[in-house]
Amino acid sequence: MPVLAASGGPLERLVADGARTVGTGAVWAVGDAAGTHGRGSTGVLGQGPYAREEMGPDTLFDLASLTKIVALWPCAGALRQAGRLPLDRPLGSYWPAAAGQPAGDVTARQLLSHTAGMPLRTNFEALYGRDRAAVLAGVLAAPLYRPPGTAVEYTDRAAVLLGHLVESLAGSPLDELAARQVWRPLGMADTCFGPLGPADTARTAPTEYDRAAGAHLRGVVHDPSARLLGGVSGNAGAFSTGRDLERFLTALLDPPGALDWAGPWTAESLREQTGGLAPARGLSWLCAPGTDPAEGTFVHYGFTGTGIWLSRRLGRWALLLTNKVHYGRELQPLTDLRNAFRRAVFG
């Protein structure tokens, strides 16, 4: 890996060439339990006025669905390790808010593996209005799309519901839980939920143009469901830098004592949990496309253009951060770059 990740080496060239094809800047890093073995950046933050600002390790990215991994998944793990989050009991059997509701029939394991059978789309504002409590109540009361455990279907509703459950069990908002249990112990000083203040916004990669705002979203979460919920949600809302994510991923392979949940929870999560259903998933994590689940290479992507990979078998991690959605929603070029990046790092 040191040769692969060296300055001017194969990985740097792969990302630079791929990012030009995708049409975006990028930040990347690879490492193992000992830390970071290589990192780099290429390109600029965006178009127009953003073309004067270069990507770098301190560029803040809207993580989008990486929030599920960087915030929600570890907080669920802390509850699991404390014996407060039973993975295989129906939610309604221990969570009063879910009792008698359709969501009360699903389990936390099914939420984490996206096998809960929940509706595939959010449409929160149209269905439930703009009040946060009404939206969360609507998610609990929504009829299931199919019987739990019968299909793997990725949906943000699962993470929104799990975030609501985690907050209820822990008695604290998700942003406070993540900061206390994960980000501060790891020294992830740049990682937080938005909206961001002016100084942090000024180093944030802009996402999509928003007609209502009359500008590209920058420092405000791109995901409309998370934005409706005030910027703090289990499915999206967190911002971070490449340097902070390096700390996070390194800690998952070599957990410090302050993270008493990380070792066992990571080991449990990075195993196939979907019983042969496709696509194979662990808990929150996805078995990397193009790999066999037995290889143990897992990934999670964010719609804005972010991605992180982890393999306990190889003792290796990687990250590739872009703001592709700033330029458009055609994802095939980014998919090609992600797959090439994964092959280079993990085989």
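Here the structure is a predicted model, which is why all the values come from computation and not from measurement.

I'd like a rundown of the pattern of salt bridges, residues and numbers included.
Oppositely charged side chains may form a pair once their charged atoms are brought near each other. Tallied over the entire structure, the rule returns 15 salt bridges. Close ionic contact of Glu268 with Arg80 constitutes a salt bridge, the shortest N to O distance being 2.9 Å. Placement of the pair is Glu268 in helix 11 (residues 262-269) and Arg80 in helix 2 (residues 67-81), with a sequence separation of 188 residues. On the basis of relative accessible area, Glu268 is assigned to the buried category, the value being 11%.

Got a sec to walk through the nonpolar core? Specific residues and values, please.
With 78 residues, the main nonpolar core has Phe248 and Trp285 as its most contacted residues. Sorting elements by how many residues they give to this core places helix 2 first, with 9 residues. If sequence neighbours within four positions are ignored, Trp285 has contacts with Ile69, Trp73, Leu249, Leu252, Ser269, Leu270, Phe298, Val299, His300, Ile308 and Leu310.

Help me get a handle on the pairing of strand 2 (residues 35-42), residues and values and all.
Each regular strand shows side chains that alternate between the opposite faces of the sheet. By the bridge criterion, 7 bridges tie strand 1 (residues 26-32) to strand 2 in an arrangement that is antiparallel. Paired with Ala26 across the two strands is Thr42, which belongs to strand 2. Following strand 1, the chain reverses through 2 residues before pairing antiparallel with strand 2.

Let's hear about the sheet that holds strand 9 (residues 297-302): which residues, and what values?
Within the open sheet, the 6 strands sit side by side as 2-1-11-10-9-8. Their pairing is antiparallel. Each end of this open sheet is capped by a strand with a single partner; those strands are strand 2 and strand 8 (286-287). Sheet analysis places strand 8 next to strand 9, joined by 2 bridges and oriented antiparallel. Within strand 9, the position partnered with Leu286 by the bridge is Val299.

Hey, could you go over the packing of helix 1 (residues 10-22) against helix 12 (residues 332-346) for me, with residue numbers and the actual values?
Running from N to C, helix 1 and helix 12 point in directions that differ by 170 degrees, and their axes come no closer than 9 Å. The pairing of helix 1 with helix 12 is recorded here as roughly antiparallel in orientation. Touching Leu11, Leu14, Val15, Gly18, Ala19, Thr21 and Val22 of helix 1 are Pro333, Leu334, Leu337, Ala340, Phe341, Ala344 and Val345, all from helix 12. In terms of residue class, the contact of helix 1 with helix 12 is made up of 12 nonpolar, 2 polar and no charged.

Would you mind going over helix 7 (residues 174-183) in detail, with residue names and values included?
Of the positions making up helix 7, those classed as buried are Leu174, Leu177, Ala178, Ala179, Val182 and Trp183. Here the buried face of helix 7 lies against helix 2, helix 6 (156-170), strand 4 (192-193) and helix 10 (242-253).

So what about helix 6? Which residues, and what values?
Here helix 6 spans 21 Å end to end across 15 residues, near enough to the 21 Å set by a 1.5 Å rise per residue. When you tally the buried positions in helix 6, you get 13 out of 15 residues, the bulk of the element. Backbone nitrogen of Arg157 and a side-chain oxygen of the N-cap are separated by 3.1 Å at the start of helix 6; the cap is Thr155. Directly beyond the C-terminal end of helix 6, a positive phi value near 75 degrees is found at Gly171.

Which residues make up the sheet that holds strand 3 (residues 61-62), and what values do they have?
Strands sit in the order 3-7-4 across an open sheet of 3 strands; the sheet is antiparallel. Each having just a single partner strand, strand 3 and strand 4 make up the two edges of the open sheet. Relative to strand 7 (residues 238-240), strand 4 runs antiparallel, the two sharing 2 bridges. For Phe193, the partnering residue across the bridge sits in strand 7 and is Ala238.

Describe unusual backbone geometry, with residues and values.
With an omega dihedral of 0 degrees, the bond running from Gly194 to Pro195 counts as a cis peptide bond. Tracing the backbone through its elements, the reader meets Pro195 in the loop between strand 4 and helix 8 (198-201). Following Ala278, the chain continues into Pro279 via a peptide bond in cis, with omega recorded as 0 degrees. By secondary structure assignment, the location of Pro279 is in the loop between helix 11 and strand 8. Located in the positive-phi region is Ala64, a residue other than glycine, with phi close to 55 degrees. Positionally, Ala64 belongs in the loop between strand 3 and helix 2. Despite not being glycine, His114 has its phi angle at roughly 60 degrees, a positive value. Its relative accessible area of 6% is what places His114 among the buried residues.

What counts and what doesn't
Residues numbered from 1 in each chain as written. Predicted model: local features only at pLDDT ≥ 70, side-chain atom pairs only at ≥ 80, totals over all residues. Heavy atoms only, no water. Salt bridge = Lys/Arg side-chain N within 4 Å of Asp/Glu carboxyl O. Helix = DSSP H or I, 4+ residues; strand = E, 2+ residues; numbered from the N terminus. Buried < 20%, exposed > 50% of the residue type's maximum accessible area, 1.4 Å probe, protein only. Core = buried A, V, L, I, M, F, W, Y, C linked by side-chain atoms within 4.5 Å. Contact = heavy atoms within 4.5 Å. Pairing = 2+ DSSP bridges. Axes fitted to C-alpha atoms, helices over the stretch in contact; angles between N-to-C directions. Parallel < 35°, antiparallel > 145°, perpendicular 65-115°, else oblique. Nonpolar A, V, L, I, M, F, W, Y, C, P; charged D, E, K, R; others polar. Expected span 1.5 Å × (residues − 1). Polar contact = N/O pair within 3.5 Å; in protein donor to acceptor, adjacent residues only side chain to side chain.

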